[in-house]
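Examination of the molecular architecture
Single-letter residue listing:
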Amino acid sequence: MIKAQDKMIARRADTKARADFATWKMMVKLNGASSLPAEALTFLASYKSLAETMAEAEASEATIELIYKSYYVDMGGTGTAPDIKSMPKDPIVDTSNVMAFKRPSPQPLPAANSSATKARPRLPVALIFICLALIYVGIRYFLLQ
């Protein structure tokens, strides 16, 4: 049985291997192979030798598998790297004390008509200002005469 942490490492290693291999192939096409690290050049050399004996897609997958296994060990995976294709696509369920994050269900938006009937009508700012001015003038006129 593969632990959840090893599954997460395996998925990260596979994603990184696929991204790195695509980047390396593009760098070679753009004549930038001299700037690649030695590890990348080694994997690309093995890709070229595999491409001579099998189809390009199969050679790519085989090379990605080699890169994946290397990354799995480098990222701290224990044992042999699990087969990514056989792992389910469902989220990883960890049986430890960590709760899996679930998105809350979306709340329905209130309809435009129902929100208009429930909301109180707002007084315009100018009307409030006029009322305050009248109160002030009234107090000045009647009380301070």
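Above this text sits the structure in question.
Residues numbered from 1 in each chain as written. Predicted model: local features only at pLDDT ≥ 70, side-chain atom pairs only at ≥ 80, totals over all residues. Heavy atoms only, no water.

With that out of the way, let us pick up helix α2 (residues 38-53). Here α2 spans 24 Å end to end across 16 residues, near enough to the 22 Å set by a 1.5 Å rise per residue. Residues of α2 that are buried: Ala40, Phe43, Leu44, Ser46 and Tyr47. Looking down the long axis of α2, one finds its buried residues gathered within 160 degrees of arc, a one-sided arrangement. Those residues of α2 that are exposed and angled more than 90 degrees off the buried face are Ala38, Thr42, Lys48, Glu52 and Thr53. (Helix = DSSP H or I, 4+ residues; strand = E, 2+ residues; numbered from the N terminus. Expected span 1.5 Å × (residues − 1). Buried < 20%, exposed > 50% of the residue type's maximum accessible area, 1.4 Å probe, protein only. Arc of directions from axis to C-beta.)

Turning our attention to helix α3 (residues 56-74). For α3, which comprises 19 residues, the first-to-last C-alpha distance of 27 Å matches the rise-based estimate of 27 Å (1.5 Å per residue) to within 8%. Listed as buried for α3 are Ala59, Ser60, Thr63, Ile64, Ile67, Tyr68, Tyr71 and Tyr72. Positive phi shows up at Gly76, right after α3, with a value of about 100 degrees.

Interpretation in functional terms is not warranted from these geometric data alone.
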